[in-house]
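Observations on the model geometry
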Amino acid sequence: MKQSKLFISCMIIALCVIPFLASCSEKRGNTAPAIHERDSVPIMTTYGVNTLISDSGVIKYRIIAEEWEVNEVKNPSRWTFNKGLLLTQFDLKKRIVGFMQCDTAIYYDKERRWELHGHVQIVTANNVEFYSSELFWDERNHEIWSHKYSRIKTPDKALEGNWFKSDEQITVYEIRQTKGWGIFNEREFVPNSDGAMSMPSAPIDTMAHKNLQGVVLNR
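These notes cover the structure that comes with them. Remember, it's a predicted structure, so these values are computed and weren't measured experimentally.

Helix and strand content of the protein chain: 1 helix and 16 strands. Buried residues in the protein chain amount to 34% of all 219 residues. Excluding contacts between residues fewer than 6 apart, the proportion of contacts in the protein chain whose partners are at least 24 apart in sequence is 42%. Counting every atom, the protein chain has about 14200 Å² of accessible surface; 57% of that belongs to carbon and sulfur.

With that out of the way, let us pick up the nonpolar core. Side chains of a nonpolar character, in soluble globular proteins, are inclined to be buried together. Within the largest apolar cluster, 30 residues are counted, with the highest numbers of intra-cluster contacts made by Ile63, Phe81, Trp114 and Ile170. The element best represented in this core is strand 2 (residues 58-71), accounting for 5 residues. Discounting residues that sit within four places of it in the chain, Phe81 has contacts with Ile63, Ala65, Glu67, Trp68, Asp103, Thr104, Ala105 and Trp114.

We now examine the environment of Gln101. With respect to the helices and strands, Gln101 occurs in strand 5 (residues 96-102). Considering only alpha carbons, one finds Gln101 and Ile63, 38 residues apart in sequence, at a separation of 9.9 Å. Apart from the residues within four sequence positions on either side, Gln101 is in contact with Leu85, Leu86, His119, Val120 and Gln121. Within the structure, the side chain of Gln101 is placed 2.8 Å from the side chain of Gln121, a separation counted as a polar contact.

Glancing now at the environment of Met100. Tracing the chain through its elements places Met100 in strand 5. Assessed through its relative accessible area of 6%, Met100 is described here as buried. Spatially, the C-alpha atoms of Met100 and Thr88 are 6.4 Å apart, while their sequence positions differ by 12 residues. Excluding anything up to four places from it in sequence, Met100 contacts Leu85, Leu86, Leu87, Leu116, Gln121, Ile122 and Trp137.

With that settled, consider the packing of aromatic side chains. Applying the stated criterion across every chain yields a total of 10 aromatic pairs. Where Phe136 meets Trp145, the ring centres are 5.9 Å apart and the plane angle is 20°; that geometry is what we call stacked. Relative accessible area serves as the criterion here: at 18%, Phe136 is assigned to the buried category. In this structure Trp145 comes out as partly exposed when scored by relative accessible area, which is 22%. Of note, Arg176 hangs over the ring of Trp163, and the distance from its end group to the ring centre comes to 4.0 Å.

Where nonpolar side chains cluster on the molecular surface, the patch consists of Ile43, Met44 and Val73 and spans about 230 Å² of accessible area. Topologically, Val73 is positioned in the loop between strand 2 and strand 3 (78-81). On the basis of relative accessibility, which here comes to 35%, the residue Val73 falls in the partly exposed class.

Turning our attention to the side chain of Ser146. Looking at the element boundaries, Ser146 is found in strand 9 (residues 143-146). Of the polar contacts made by the side chain of Ser146, one reaches the backbone nitrogen of Lys148; its length is 3.2 Å. When residues no more than four places from it in sequence are discounted, the contact partners of Ser146 are Phe130, Ser132, Glu134, Leu135, Trp163 and Phe164.

Here we come to the pairing of strand 8 (residues 129-138). Within strand 8, 7 of the 10 residues are buried, which leaves it mostly tucked inside the rest of the structure. In terms of strand pairing, strand 7 (residues 113-124) meets strand 8 through 9 bridges, oriented antiparallel. Residue Ile122 lies in a different strand from strand 8, and its bridge partner there is Phe130. A loop of 4 residues connects strand 7 with strand 8, the two strands running antiparallel in sequence, and Asn127 in this loop sits at a positive phi of about 60°. Of the pairings in the sheet, the one linking strand 8 to strand 10 (residues 150-154) comprises 4 bridges and is antiparallel in character. Bridge assignment links Tyr131 to a residue of strand 10, and that residue is Arg151. In this structure, strand 8 lies alongside strand 9, joined through 3 bridges in antiparallel fashion. Across the sheet, residue Trp137 finds its bridge partner in strand 9, namely Ile144.

Cut-offs applied
Residues numbered from 1 in each chain as written. Predicted model: local features only at pLDDT ≥ 70, side-chain atom pairs only at ≥ 80, totals over all residues. Heavy atoms only, no water. Helix = DSSP H or I, 4+ residues; strand = E, 2+ residues; numbered from the N terminus. Buried < 20%, exposed > 50% of the residue type's maximum accessible area, 1.4 Å probe, protein only. Contact = heavy atoms within 4.5 Å. Areas by Shrake-Rupley, 256 points an atom, 1.4 Å probe, with all protein chains shown as cover. Core = buried A, V, L, I, M, F, W, Y, C linked by side-chain atoms within 4.5 Å. Polar contact = N/O pair within 3.5 Å; in protein donor to acceptor, adjacent residues only side chain to side chain. Phe/Tyr/Trp six-rings, centres within 6.5 Å; stacked < 30°, edge-to-face > 60°. Lys NZ or Arg CZ within 6 Å of the ring centre and 35° of its normal. Patch = residues over 30% accessible without salt bridge, like charges linked within 9 Å, V, L, I, M, F, W, Y side chains within 5 Å. Salt bridge = Lys/Arg side-chain N within 4 Å of Asp/Glu carboxyl O. Pairing = 2+ DSSP bridges.

Structure representation (structure tokens):
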């Protein structure tokens, strides 16, 4: 009788202990943190960039940047310059027709469209200087514009305003909510169809650069 009670007691203890031991012996999996979406990762990151950009075999730009990220998966695909950009533009005779610099820039390569932010500065072959905190450039339509405070300086004018639109060489441009000084002729005081004044500037010549050196990237 005593042996039966002892056997039953041992069975009860075993039934209670075995599940506990089994639960303690279960392995805990290591869970890795979630990764970002695939389209947030650039396919190329280059440091210390000094590159010539060609279009249809013609050298058009020189890019100088501390960091250059290329992402072809994002929609739209883009080049990103998070640590500043200096872009020099050449004409067909390899003459510098201007330069552009800013703190950060995004270039949508398929759409051929630029976004520039932070201390944007442009100097053209016409001796026109442009300053703003933001600028958009549409290469296909040859237009630039800004909806932020902008300043423009030519050999005979200095203007500023909160709305700016121009051709990409800043030879004909519009400024709204403007103030400044300048030497104007009568035609320049005649507003166009939407009430803005167009400001032409005279072109000047620049020196040709026959020997352009650097890595050439074809678009």
